[in-house]
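Residue-level structural notes
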Amino acid sequence: MTVPATAIDRLVAIMARLRDPVSGCEWDTVQTFATIAPYTIEEAYEVADAIERGDMADLKDELGDLLLQVVFHSRMAEEAGDFALADVANAISDKMERRHPHIFLGAAEGGHHLWEQIKASERGAKGHASALDGVAIGLPALLRAEKLQKRAARTGFDWPDPSGARAKIDEELAEVEAAATQAEIEEEVGDLLFAVVNWARKLGVDPEAALRMANGKFESRFKSMEAKAGEAFEALDLDAKEALWVKAKREEA
């Protein structure tokens with residue numbers, strides 16, 4: 001067997017071996033784009049988790065897992081005659097150069113505003129008729145809501161300041177309380193969440209990061225409550241649990 005020239009070549013060769021229909025791994029050989037996609041999403045979140053924890057050793061491992069996903073998808077595409085890993089790398093390289101004309105193409109100016117203009121022209125070239133086209137359906141709902149709102153804002157469909165977005169929350173909350181059926185409640189709660197995301201965006205807050213922080217805070221406080229009460233925790237009434245919550249919150253501060 002030829003020794004791979006680079007670390008990437010080694011990984012590509014490993015994946016080709018794993019996908020070999022005769023001598024490959026029985027699990028890897030039967031996978032498809034659809035079956036691998038959930039793992040790709042999961043690995044991306046594990047990268048974000050390692051970053052949030054500041055764990056560089058774990059980040060290295062998780063980036064490797066995410067890179068494996070790219071190689072896996074590329075190998076399946078190569079087997080189908082669609083594209084290979086080199087095509088993926090060349091496509092993103094072309095895109096980066098195209099979107100930074102002031103760096104790579106000798107343009108007089110650049111910046112984020114030009115990046116967005118170039119992205120918009122690329123969407124138009126792909127036949128996207130709406131400013132909202134291309135926002136992936138598979139994104140987490142909170143993140144997708146923010147991206148849809150940002151796209152709409154670029155067309156001028158946006159509150160001029162946070163007060164309008166804040167007032168919309170009160171309106172949506174009233175509609176939740178007025179809903180008569182479970183289906184109506186679900187719809188109105190969705191509208192309420194969408195409005196909260198919009199207000200966060202107007203306040204300059206990343207709603208996904210903010211909720212992730214809130215999740216971590218809740219988890220830490222709840223575990224503190226469990227540790228303080230021991231095996232008696234579940235049997236405590238709500239007032240006793242609330243007292244433990246307040247104590248955990250105070251200790252955290």
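See the structure above.
Report follows, based on the coordinates.

Observations concerning the pattern of salt bridges
Following the criterion strictly, the structure yields 16 salt bridges and no others. Among the salt bridges present, the one from Arg 53 reaches Asp 49, with a minimum N-O distance of 2.7 Å. One end of the pair is Arg 53 and the other is Asp 49, both in helix α2 (residues 33-53) and 4 residues apart, which spans about a single turn. Overall, Arg 53 belongs to the partly exposed group, its relative accessible area being 43%. Using a relative accessible area of 38% as the deciding quantity, one classes Asp 49 as partly exposed. One salt bridge connects Asp 158 with Arg 201, and the closest N-O pair in it is separated by 2.6 Å. Of this pair, Asp 158 sits in the loop between α7 (141-154) and α8 (162-178) while Arg 201 sits in helix α9 (residues 182-202), and the two are 43 residues apart along the sequence. The exposure class of Asp 158 is partly exposed, given its relative accessible area of 28%.

Let's talk about α8
The terminal C-alpha atoms of α8 lie 25 Å apart, and with 17 residues this matches the ideal 24 Å at 1.5 Å per residue to within 8%. Three or more residues of α8 are buried, namely Gly 164, Ala 165, Ile 169, Glu 172 and Val 176. Down the axis of α8, the smallest arc covering the buried residues is 150°, so these residues share one side. Summarising the geometry of α8, the exposed residues directed more than 90 degrees from the buried face are Glu 177 and Ala 178.

Re helix α10 (residues 207-229)
Two residues of an α-helix separated by three or four positions point the same way, owing to the 3.6 residues in each turn. Taking 1.5 Å of rise per residue, the 23 residues of α10 would be expected to cover 33 Å, and the 33 Å separating its terminal C-alpha atoms lies within 8% of that figure. Within α10, the full set of buried residues consists of Pro 207, Glu 208, Arg 221, Ser 224 and Met 225. At its buried positions, α10 is contacted by α2, α7, α9 and α11 (238-252). By the N-cap criterion, in which a side-chain oxygen at the helix start approaches the backbone nitrogen of a residue two or three places on, α10 is capped by Asp 206, the distance to Glu 208 being 3.0 Å. Positive phi shows up at Gly 230, right after α10, with a value of about 65°.

Some words on the side chain of Gln 31
Here Gln 31 is to be found in the loop between α1 (7-18) and α2. We classify Gln 31 as buried; its relative accessible area is 11%. One polar contact links Gln 31 to Thr 35, side chain to side chain, over a distance of 2.8 Å.

What about the nonpolar core?
By size, the foremost hydrophobic cluster in this structure holds 6 residues: Leu 11, Met 15, Ile 36, Val 71, Phe 72 and Met 76. For this core, the secondary-structure elements that each account for two or more residues are α1 and α3 (56-79). Tallying contributions element by element places α3 first for this core, with 3 residues. Setting aside residues up to four positions removed in sequence, Val 71 forms contacts with Leu 11, Val 12, Met 15 and Leu 85.

Let's talk about the packing of α10 against α11
As a packed pair, α10 and α11 sit with axes 9 Å apart at the nearest point and diverge in direction by 120°. Between α10 and α11, the angle is such that the two are oblique. In the crossing of α10 with α11, the sense of the turn from one axis to the other is right-handed. Each of Lys 217, Phe 218, Ser 220, Arg 221, Phe 222, Ser 224, Met 225, Lys 228 and Ala 229 in α10 lies in contact with α11, whose residues at this interface are Lys 241, Leu 244, Trp 245, Lys 247, Ala 248, Lys 249, Glu 251 and Glu 252. Partitioning the contact of α10 with α11 into residue classes produces 7 nonpolar, 2 polar and 8 charged.

Description of a nonpolar patch on the surface
Residues Ile 8, Leu 67 and Val 70 make up a contiguous nonpolar surface patch of roughly 210 Å² in combined accessible area. Counting through the fold element by element, Leu 67 comes out in helix α3.

How each quantity is defined
- Residues numbered from 1 in each chain as written.
- Predicted model: local features only at pLDDT ≥ 70, side-chain atom pairs only at ≥ 80, totals over all residues.
- Heavy atoms only, no water.
- Salt bridge = Lys/Arg side-chain N within 4 Å of Asp/Glu carboxyl O.
- Helix = DSSP H or I, 4+ residues; strand = E, 2+ residues; numbered from the N terminus.
- Buried < 20%, exposed > 50% of the residue type's maximum accessible area, 1.4 Å probe, protein only.
- Expected span 1.5 Å × (residues − 1).
- Arc of directions from axis to C-beta.
- Contact = heavy atoms within 4.5 Å.
- Polar contact = N/O pair within 3.5 Å; in protein donor to acceptor, adjacent residues only side chain to side chain.
- Core = buried A, V, L, I, M, F, W, Y, C linked by side-chain atoms within 4.5 Å.
- Axes fitted to C-alpha atoms, helices over the stretch in contact; angles between N-to-C directions.
- Parallel < 35°, antiparallel > 145°, perpendicular 65-115°, else oblique.
- Left-handed = near helix turned anticlockwise from the far one by under 90°.
- Nonpolar A, V, L, I, M, F, W, Y, C, P; charged D, E, K, R; others polar.
- Patch = residues over 30% accessible without salt bridge, like charges linked within 9 Å, V, L, I, M, F, W, Y side chains within 5 Å.
- Areas by Shrake-Rupley, 256 points an atom, 1.4 Å probe, with all protein chains shown as cover.

Taken by themselves, the reported measurements are silent on function.
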